[in-house]
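Examining the three-dimensional arrangement
The lines below spell out each chain.
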Amino acid sequence: MTTGQQWDIVTSVGLTALGVAAARALETHREDRLMSDPFAAAFVKAADAPAPMPTSPEEVAQLPDDSIWAQAKMEDYMGVRSRCFDDFFSAAGEAGVRQVVILASGLDARAHRLDWAAGTTVFEIDQPKVLEFKQTVLDGLGAAPKCAHRPVPIDLREDWSSALTEAGFDTEAPTAWLAEGLLPYLPPEAEQQLLTTIDRLSTFGSRLAVEDFNDVRRLFEDEDLADFGQEWGLDMRDLLHSDDRPEAPDVLRGLGWKTEVEGAEAKARGYGRDLSGMFGEMADASRFVEAHKAA
């Protein structure tokens, strides 16, 4: 992808955000759900997706038995991932952090679905068309944010830090940052620049949560993942970057951050969830990194 290329919610990376919303909707229907997103299904229904994206068990049952959706159990992984980062924000709020930045927020509706501490401001950065679509759906539902909500419509390959500051971001206030479902889409130099920019904008007491993959190339060898993307009309291997890169936890530690790393499978076991099936390979490669910028 080149700088300046734009996408909406039914093309390129935007379409993957729609698929994640469908998975969150399916997770919300489970009796043993790890998180609840009352807006996810509405996002999917409002989009003109190029392939079926079920949002309920009944819709999954209507698909052929060999449908990727029927086999994938994508909600297992997305439920664990969403719960992990929900817990991250809850802990940050309990620690007194009142400024939040969600990078490449997609159809994340945390500003509207989580209970934020009084005085919290949530900034969401993503493509203008993606944020416009999301806001239109939320307005149609009469949904109100549970915090001060400030969308920042800009491509992360552009000068997003200036746009964030212009939107009211305070470099003197501790910040809780989230990069969920983002790093595999970045080439190594862009990932490095993202992390160093976060460090530059963060004062002591700031926190960062990242979904990281310790070997993205393994995902390229997973034919099931390729088949899943093809059902949406995407070749995931065209979107993901398998280039060798420094380990994100190592980069953060080099910048002075204290880090904790937990594999997705271990995190899932802690929640009582088994990550098997089609997304088992992704879970095996995935890890969740939490970092703290201490004085």
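Quick notes on the sheet that holds strand 4 (residues 175–179)
Working definition: the strands of a sheet are paired by backbone hydrogen bonds and lie parallel or antiparallel to each other. Sheet architecture is open: seven strands sit in the order 3-2-1-4-5-7-6, paired in mixed fashion. Lying at the two open borders of the sheet, with one neighbouring strand each, are strand 3 (148–153) and strand 6 (258–263). Going across the sheet, the axis of each strand differs from the next one's by a mean of 15 degrees, ignoring polarity. By the bridge criterion, four bridges tie strand 4 to strand 5 (residues 207–213) in an arrangement that is parallel. Its bridge partner lying in strand 5, A176 is registered against R207. Set on the sheet, helix 5 (residues 74–94) makes contact with strand 1 (99–103), strand 4, strand 5 and strand 7 (286–292); between it and strand 5 the angle comes to about 165 degrees.

A look at helix 9 (residues 188–201)
Along an α-helix, residues three or four apart share an orientation, since each turn contains 3.6 residues. Taking 1.5 Å per residue, 14 residues should reach 20 Å; helix 9 reaches 20 Å between its end C-alpha atoms and fits that length. Those residues of helix 9 hidden inside the fold are in contact with strand 1, helix 8 (160–166), strand 4, strand 5 and helix 13 (248–254).

Observations regarding the pattern of salt bridges
Within this structure, the stated rule accounts for 23 salt bridges. In this structure, R30 and D76 form a salt bridge, with 2.5 Å as the shortest nitrogen-oxygen distance. With R30 in the loop between helix 1 (12–29) and helix 2 (40–46) and D76 in helix 5, the pair connects residues that are 46 residues apart, well separated along the chain. Since its relative accessible area comes to 19%, R30 is described here as buried. A salt bridge links K134 to E124; the nearest nitrogen and oxygen atoms lie 2.3 Å apart. Note that K134 is positioned in helix 7 (residues 128–140) and E124 in strand 2 (residues 121–126), a separation of 10 residues in sequence. Of the two residues, K134 and E124, neither departs from the other in class, the shared state being buried. Beyond isolated ion pairs, a larger network of salt bridges with shared partners links R81, D86, D108, R110, R113, E180 and E211.

Observations concerning the packing of aromatic side chains
Under the definition given, this model contains seven aromatic pairs. The interplanar angle of 80 degrees and the centroid separation of 6.2 Å between the aromatic rings of W160 and W177 together place this pair among those described as edge-to-face. With W160 in helix 8 and W177 in strand 4, this pair connects stretches of sequence that are 17 residues apart. For W160, a relative accessible area of 5% corresponds to the buried category. On the accessibility criterion, W177 (0% relative accessible area) is buried. Ring geometry for F169 and W177: centres 5.6 Å apart, planes at 50 degrees, overall tilted. The class of F169 is buried, set by a relative accessible area of 5%.

The rules we used
- Residues numbered from 1 in each chain as written.
- Predicted model: local features only at pLDDT ≥ 70, side-chain atom pairs only at ≥ 80, totals over all residues.
- Heavy atoms only, no water.
- Pairing = 2+ DSSP bridges.
- Helix = DSSP H or I, 4+ residues; strand = E, 2+ residues; numbered from the N terminus.
- Axes fitted to C-alpha atoms, helices over the stretch in contact; angles between N-to-C directions.
- Contact = heavy atoms within 4.5 Å.
- Expected span 1.5 Å × (residues − 1).
- Salt bridge = Lys/Arg side-chain N within 4 Å of Asp/Glu carboxyl O.
- Buried < 20%, exposed > 50% of the residue type's maximum accessible area, 1.4 Å probe, protein only.
- Phe/Tyr/Trp six-rings, centres within 6.5 Å; stacked < 30°, edge-to-face > 60°.

Without other data, these values stay purely geometric and don't point to any function.
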